[in-house]
Amino acid sequence: MASHAQLPVPQSPEGVEVTYHATHRLDLHRPTLQEVVGALTNGLSGKFAEFSVAVVDCPDLSEKPFGLAAPGLNGSPILCDIGGVPYLTPSPTMNRIYDLRHVMQAAGMPDAFVLGAGAASFRKTGLNAELMPNVHLGEDRNKTTFAKVQPDGSGFLGPYSSSEFALLLNVFASKGEAGPVIKVTARKRTAEGNFVTFMREGLRAQFGDKPVGLGGAFLLAKGKANLHIMPDFSPTPLCCEEDTHNWLRFYEYSAPLTCLSVFVSHDPGLKLRTEHTHCFSEHGEGGHYHHDVTPEEVEYVGYFNVADHLYRVDMPA
């Protein structure tokens, strides 16, 4: 099992009375990029009519079509897994509110570029909502967005200026520097499943119980995808998967979608969310990615890097 150490908990946001559970730092297995290429190749094999995986110099991801808050994915890359679904269901734990700046300070990276997937702070949005963190804390460059369900049932995507979030968050953080990354392209899906799960399962098959963590961004360049947006908190407990499924609101959204993704090959007992991906766009569509719904048409292109450590913050009991 990979080793992990207990660290101080992050400071809570102003006005929030809470004692977080201990923070753990997990030393992830760190294979070479070329070894990861082999694992992802195996994971995608037989899943798409065409695909490629290679180590490349990272293009400027701050430019279109990705629109990230930093150009690259290099410089002390880490993952953070904060909170978790048990703080959302069956009933929300309303004091589970966090500040991303405090979390990254506790992780030793107060100036990091951060991307990923989580829940927005209902103190800031007025209701429960999806969060797409995309922010360079050191340069105060914030391209974060959030998605909510409107009263008429339609989805809304808009800018999110706060560093506060609630309940759960999965992020990849780095200095945002240029450097070598893994580029993955795929088109015409030929198997049931989704792009991220295929890659994660390839890592699991290759590295077994040695946890390997990746993060980055991919573009759904063609086709449509099934996404959900959480509505406001349920007035009744969500006691099973069927309850949660019926509570969520599902949408088919069109390319191009920029998808912020974090995944880990193996959970060594820290109640990790092993994959989490949220999407945003310039055409007002975004939310939590499940899978594409146009296998004949779909095209993906993504850039990923391997994390050195994972910080597990406020793990649910």
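The model shown is predicted, which means the values in this text are computed figures rather than measured ones.

*Asks:* Would you explain the packing of aromatic side chains in this entry?
*Replies:* Any pair of aromatic rings gets described here by the distance separating the centres and the angle formed by the planes. This model, assessed by the stated rule, comprises 15 aromatic pairs. Where Phe48 meets Phe195, the ring centres are 6.2 Å apart and the plane angle is 85 degrees; that geometry is what we call edge-to-face. Placement of Phe48 in strand β3 (residues 48–57) and of Phe195 in helix α4 (residues 195–207) is noted, with a sequence separation of 147 residues between them. In this structure, Phe48 and Phe195 share a single accessibility class: buried. With centroids separated by 5.1 Å and ring planes inclined at 75 degrees, the aromatic side chains of Phe195 and Phe218 adopt a geometry described as edge-to-face. Of the two residues, Phe195 sits in helix α4 while Phe218 sits in strand β14 (residues 213–222), which places them 23 residues apart along the sequence. What makes Phe195 buried here is its relative accessible area of 0%.

*Asks:* Help me understand the pattern of salt bridges, please; the structure alone is not making it clear to me.
*Replies:* Side-chain pairing between opposite charges can occur once the charged atoms of the two side chains come close. Tallied over the entire structure, the rule returns 14 salt bridges. A salt bridge links Arg101 to Asp140, with the nearest nitrogen and oxygen atoms 3.3 Å apart. Linking Arg101 in helix α2 (residues 100–106) with Asp140 in the loop between β8 (134–136) and β9 (141–142), this pair joins segments that are 39 residues apart in sequence. Overall, the relative accessible area of 34% leaves Arg101 in the partly exposed class. The class for Asp140 is exposed, based on a relative accessible area of 61%. What you see here is one network of salt bridges that share partners, running through Glu50, Arg187, Lys222 and Glu299.

*Asks:* Would you mind showing me how to read the side chain of Glu164 here?
*Replies:* You can see Glu164 is positioned in strand β12 (residues 164–174). Taking relative accessible area as the criterion, Glu164 reaches 5% and is therefore assigned buried. Leaving out residues up to four positions away in the same chain, Glu164 has contacts with Pro13, Ile97, Tyr98, Asp99, Ser121, Arg123 and Lys124.

*Asks:* Before we go on, may I ask you to explain the sheet that holds strand β18 (residues 275–280) in this structure?
*Replies:* Backbone-to-backbone hydrogen bonds join strands into a sheet, with any given pair of strands oriented parallel or antiparallel. With antiparallel pairing, the nine strands of this open sheet are ordered in space as β3-β13-β20-β14-β17-β18-β19-β15-β16. Across the chains shown, the open sheet's two edge strands, defined by having one partner strand only, are β3 and β16 (249–254). Shown here is a sheet whose adjacent strand axes are inclined to one another by a mean of 30 degrees, direction ignored. Here β3 pairs with strand β13 (residues 180–189) via nine bridges, running antiparallel. Each bridged residue has a counterpart across the sheet, and for Phe48 the counterpart in β13 is Arg189. The sheet contacts of helix α1 (residues 33–44) involve β3, β13, β14 and β20 (299–306), and relative to β3 the element is tilted by about 170 degrees. With respect to the sheet, α4 is in contact with β3, β13, β14, β17 (257–264), β18, β19 (287–292) and β20, its orientation differing from that of β17 by roughly 25 degrees.

*Asks:* Can you walk me through the nonpolar core in this structure?
*Replies:* Soluble globular proteins tend to pack their nonpolar side chains together in the buried interior. Ranked by internal contacts, the top residues of the largest apolar core, which has 67 residues, are Leu40, Val184, Phe195, Leu203 and Leu214. One finds Ile78, Tyr87, Met109 and Leu169 within the second-largest nonpolar core, a separate group that totals 40 residues.

*Asks:* What is the right way to look at the pairing of β20 in this model?
*Replies:* In the case of a regular strand, side chains alternate between the two sheet surfaces. Burial runs high along β20: seven of the eight residues are buried. Here β13 pairs with β20 via six bridges, running antiparallel. Bridge assignment links Thr185 to a residue of β20, and that residue is Val301. Here β14 pairs with β20 via eight bridges, running antiparallel. Bridge pairing in β20 links Leu219 to Val301.

Calculation notes
Residues numbered from 1 in each chain as written. Predicted model: local features only at pLDDT ≥ 70, side-chain atom pairs only at ≥ 80, totals over all residues. Heavy atoms only, no water. Phe/Tyr/Trp six-rings, centres within 6.5 Å; stacked < 30°, edge-to-face > 60°. Helix = DSSP H or I, 4+ residues; strand = E, 2+ residues; numbered from the N terminus. Buried < 20%, exposed > 50% of the residue type's maximum accessible area, 1.4 Å probe, protein only. Salt bridge = Lys/Arg side-chain N within 4 Å of Asp/Glu carboxyl O. Contact = heavy atoms within 4.5 Å. Pairing = 2+ DSSP bridges. Axes fitted to C-alpha atoms, helices over the stretch in contact; angles between N-to-C directions. Core = buried A, V, L, I, M, F, W, Y, C linked by side-chain atoms within 4.5 Å.

From the geometry alone we can't say anything about function, so treat these as descriptive.
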